[in-house]
Every structure is written in C-alpha cells, then in structure tokens.
Amino acid sequence: MKMDMDMGDRPLAGASWASETYAKAWLATVLISCALVGGCRWLLYWRTAVRRSPNTGPLHSALQLAREATYFQSNGFSCAQLLGCGAYIVILLSFLLSDVWSSTPVVFWEAIAFRAAYLTVAQMPLLFALSTKRNILAFVLHTTYGRLNVFHRLAALCTLTTATIHMGYFLREWTFYDIFYEQWSIMGMSMLRWGFAAWGLLIFLVATAYLTRERLHDAWLWLHISSAVSFLVMTWLHLDPPYRGWIYGTLAIWAVDRLMRGINLLACSLSGPRAQIKQLDAVLEITVSGANMTIRPSQHVLLTIPSLGPGAHPLTLLPREQPTFVVKIKRGWTRRLANWPEKSLTCALEGPYAGSHLPPRAFAATTLICGGTGGSWTHAVLQNLLQDPGHCRRVVLIEVYRRSEDTAWYERDRAIAMEHARGKGIMLEICIYLTSAQHGGSEKAGLRIIPGRPSFACLLDRALPWCEGESAIYCCGPPSLCDSVRHEAVVLSDSRAAKKGLGAEAIYVHIENQ
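If you're wondering where the values come from, they're calculated on a predicted model, not measured in any experiment.

Student: Account for the layout of surface pockets, with residues named and values stated.
Tutor: The calculated volume of the second largest pocket comes to roughly 820 Å³. Forming the boundary of the second largest pocket are 30 residues, of which Arg296, Gln299, Ala354, Gly355 and Ser356 lie nearest the centre. Breaking the lining of the second largest pocket down by element, the ones donating at least two residues are α1 (16-50), α5 (136-140), β9 (348-353) and α11 (375-387). When residues in the lining of the second largest pocket are grouped by element, the largest group, 3 residues, is from α5. Here the residues of the lining of the second largest pocket sort into 14 nonpolar, 11 polar and 5 charged.

This is the structure we're talking about:
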C-alpha cells in the first residue's frame, strides 16, 4: 500500500490521506449506527423488562410495531439480520465509490484501488471484534455473540471483496502501462508477495467457513484461528509502517478478549470441577460439581474436558441443584464423550454467557415451545418465570419429541414446574407431542401427551388469548421447528392486527438457537 510509487508520467489519483480519512469515517459511521440501534434496543428492554408498570403510550406502540416487523424471515435470516447486512453493504459501497469517479479511466482505477485498500484494513478491527466472545458490540446492541456471527461472516465477505478490488484495479493499471514486471522487481519481495499471500489466506478462511465448518467443526476451529493469525501477519508485512496501526488495533481487540476469557476460565475452574456423565438413551446428562460461578437460568457456559482434547463447547444450563446439561449424542465431541470409558472427568468452565431475550414476567401470557434438547433452555426460562411471575398469569409449555422415551429427559423439571405454578397461582398447561406415534394419547393433572405433529397455527391462536397485555412466544429447537413457529407467529400477529384498533396487544417472539 505504498502511496509514492513511481509510475512514470501517468496521472495520480487523490492523496493518500483522503482515502484513509474515508476509511476512518466509514468505521465511525458503522459504530455510530450500532450505537443508535443499540440505544433503541436498550430502550425497548428497559420499558418492557425493567419497568414493573404496564407499558402504554404511543412510543411503546411504535416500538411494538417496529419489533413485529423484524419477525419476518427469509432463507434462514431474520428481517433484522437482513436489514443490518443491507445497511452494512450500502454504507461500505457509499464510502468506496464516493468522490472517485473520473473521466480518465486510469485516475479512477488508482483512486478506487487506494480506497479499497484502506476500507479493507478498516474492516479488520470490526471483523475480529465480531468473532470474540467478550464482545463490546454485543453489549451495545443488547444481543449475544452468537447472533452477531452472521455479521462476522458478512464482514469477512466484504473484506475479501474490497481486497480483491484493491488488487484487481492495481493489476489493471499496471497491465495498461505494461509495468507489472517493473513493479514486481521493485516491490515484489518486500511488499507484493505478502499481499498475495494475505489475499489467498482470506479466500481460504471464507471458503472453509462455508464448506467444512459444520462437518468438521473441531478441526476447522483450530485451522480457522491459526489461518486468521497468519492472515494478520501477512497483512502487517504487506502494509507500510505508517498504516500498521490498524493491525495493532485488531490484535489488541483479539488479545483483550483472550485475556478476559482466560481470567474467567481460571476463576471458574480453580476449585477443580468435575463432570459426571450419564447416558440417557440418545442424550448425555452432564452434571458438574465444584463449579465456582454464579449461574442464572437460561444462561450457557463453555465446557472443556481436557481428557477429550482441546476445545470449548457451548451448553445450556438446567437450573437444578448442580449445573446440569442435556446434550444430544451426535458425531465428534459428543460421540467421543459417550464412548469414553471413564464417567467422572475433570473439566473447565467458562462463562456464564447470558441471552438477549426479554424476561417472560413482562407479558400477560407466555407460550414456551421446545424440540429435543432445546428443552434445557425452555425449562430454564420456565423455572425463572415461576420464581418471579411478574405480570404473567398464564403459561403454555409445548414440547415436541420423536419418541415417548425422550420425554424422560426433563420429567423431573416438569414436575417441579407444575408444583411451583400451583404455589404461585399460575395457570400452567403442558402439551407433549410425539411425532413418531400415531395413537396412545393421554391426559392427567394438566399434562397432555398427544401423538403426531403439532399444528402451531391452532396452538398459538388458542394459547395466546385476547387478553389485556402483551403475549410472548419463546422457542428453542431444531431449525425446522423454529422456522414454523416464527412463520405462524407472523401470520397470527397480522391476523390479530395487534395495535391496529381491534383491541389485541402485540406479540413478542424470541427464537433461541439450539
């Protein structure tokens, strides 16, 4: 990224400070936009969750309508994520193309090449910040690091795009003047080769994230981290010393996250916690004793078992006497854990990490839906609600399993919930659907077992009454189940015409990733 390259008598584009100024202005615009969106989300949280008085007035009605508009989903992405990604791309293109147009092609080529270079390095602090667990952006936006992963991927794609534009327009200019070999002889060994290496590593990082992340997650994770560090080193070598501050800032963000996580890991694991492994058919029940941390319901931690190798795995906590996790046996880490001969293992915990949902105590009626091991999160939310019901007076719990044997995973949690609901005067209705069963339903003491797949359109319409006050839907389970619930919630919200003169209040929907 040298700004004083001798190109003979060709016209030069704008000065270097102009492009760097645009890059700094772009980053400032993105951060200010995040602060504004986060302020609106914190305002909604404060009005709905912190205040104990009923939420009324035109401001709250406007917030309800804006919130409902984000429930639409397309191709696995929520409306809020699509809007955020679209805004990111528009802002990036605006700063990339602003004041670079010229009637002389060569001037345009060089101007946009410089601008793309600065925007590439300006995105790197944001790219690495979005990948961290101790994420300041997650706090500002009142969300979780997991929900920001889509923006981390978007930033990686945009960084690759601007890096390709930077390289492509310089190559176009050099071939136009037939000076490519001259430039390589001048800067090839000192600068250009590191740029090509960084670009290749960036392509590798983006490609493997889409091709191997789900299939070989454990191996991919360490390969991804080592490749990202190598990419930073290659970029540092490619840049001139005056512009390496962007890399130092990126390293500082990554180092602070690792330092904070390391301190937290040591603090939670000094007492030597141990994990007791118990297999329940298709799942593992992991009970941790000796954990030195304060855990609230619906939080999750990162569990590491050194005997099975490095790597931390996010698991949702069940609020029992001791921290408990219910994990479905799949391939990889869970399969190795199930086949491990020793059932009492030394472990390490990091966290806890909280969710970003509004507490159900703020709503008059709440519907909780779970599928499979998503019941860990759902039962945690239910027990937290029953301890402090707030405005809530009616709760419907819908659980979906494949076989009747799977209902035993959370049998004790259902019994505790029903006992607490009676003590608090809460109307609690529990429905269990068995998708592989064709007959054999039963009902007793507020618990119904129903064969077949649930019809969420009918269930939600009946579970969310036309009552005074808002209603809430919380869902955690497989993607297909979550998509069905989100779709039916949008349809129901439109048909009830919430806040449009028919007397129905708004519906709050939260989908938790399993």
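Student: Please provide a residue-by-residue account of the pattern of salt bridges, values included.
Tutor: Two side chains bearing opposite charge may form a pair once their charged atoms approach each other closely. Under the criterion given, the structure shown has 11 salt bridges. The closest approach of N and O atoms between Glu350 and Arg261, which form a salt bridge, is 2.7 Å. Of this pair, Glu350 sits in strand β9 while Arg261 is found in helix α9 (residues 245-269), placing the two residues 89 residues apart along the sequence. A relative accessible area of 5% places Glu350 in the buried class. Taken together, the shared-partner salt bridges connect Asp281, Arg403 and Asp406 into one network.

Student: Could you give an account of the state of the cysteines, with specific residues and numbers?
Tutor: A full pass over the atoms with the stated rule returns 0 disulfides. Among the cysteines around Cys370, which has no disulfide bond, Cys476 carries the closest sulfur, lying 7.8 Å off.

Student: Break down the pairing of β9 for me, citing the residues and quoting the values.
Tutor: Counted residue by residue, β9 has 5 buried out of 6 residues, so it is predominantly covered. Direction of pairing for strand β5 (residues 300-304) relative to β9: antiparallel, over a ladder of 4 bridges. From the neighbouring strand, Leu302 faces β9, where its bridge partner is Glu350.

Student: Can you break down the side chain of His238 residue by residue, with the values?
Tutor: The residue His238 is located in helix α8 (residues 217-238) in this model. On the basis of relative accessible area, His238 is assigned to the buried category, the value being 12%.

Student: Break down the sheet that holds strand β11 (residues 394-401) for me, citing the residues and quoting the values.
Tutor: Read across the open sheet, the 7 strands follow the order β13-β14-β12-β11-β10-β15-β16; overall the sheet is mixed. Sheet topology places β13 (442-444) and β16 (507-513) at the edges, where each strand pairs with a single neighbour. For this sheet, the mean angle separating the axes of adjacent strands, direction not counted, is 15°. With 6 bridges joining them, strand β10 (residues 365-371) and strand β15 (residues 471-477) adopt parallel strand pairing. Bridged to Ala365 within β15 is Ser471. Strands in contact with α11 are β10, β11, β12 (427-434), β15 and β16; relative to β10, the strand with the most contacts, it is inclined by about 155°. Of the strands in this sheet, β11, β12 and β14 (447-451) are in contact with helix α12 (residues 411-424), which crosses β12 at around 155°.

The rules behind each value
Residues numbered from 1 in each chain as written. Predicted model: local features only at pLDDT ≥ 70, side-chain atom pairs only at ≥ 80, totals over all residues. Heavy atoms only, no water. 1 Å grid on protein atoms, 1.4 Å probe; cavity = no way out; pocket = protein on both sides within 12 Å on 5 of 7 lines; lining within 4 Å. Points joined across faces, edges and corners; volume = space filled by probe spheres on them. Helix = DSSP H or I, 4+ residues; strand = E, 2+ residues; numbered from the N terminus. Nonpolar A, V, L, I, M, F, W, Y, C, P; charged D, E, K, R; others polar. Salt bridge = Lys/Arg side-chain N within 4 Å of Asp/Glu carboxyl O. Buried < 20%, exposed > 50% of the residue type's maximum accessible area, 1.4 Å probe, protein only. Disulfide = S-S within 2.5 Å. Pairing = 2+ DSSP bridges. Axes fitted to C-alpha atoms, helices over the stretch in contact; angles between N-to-C directions. Contact = heavy atoms within 4.5 Å.

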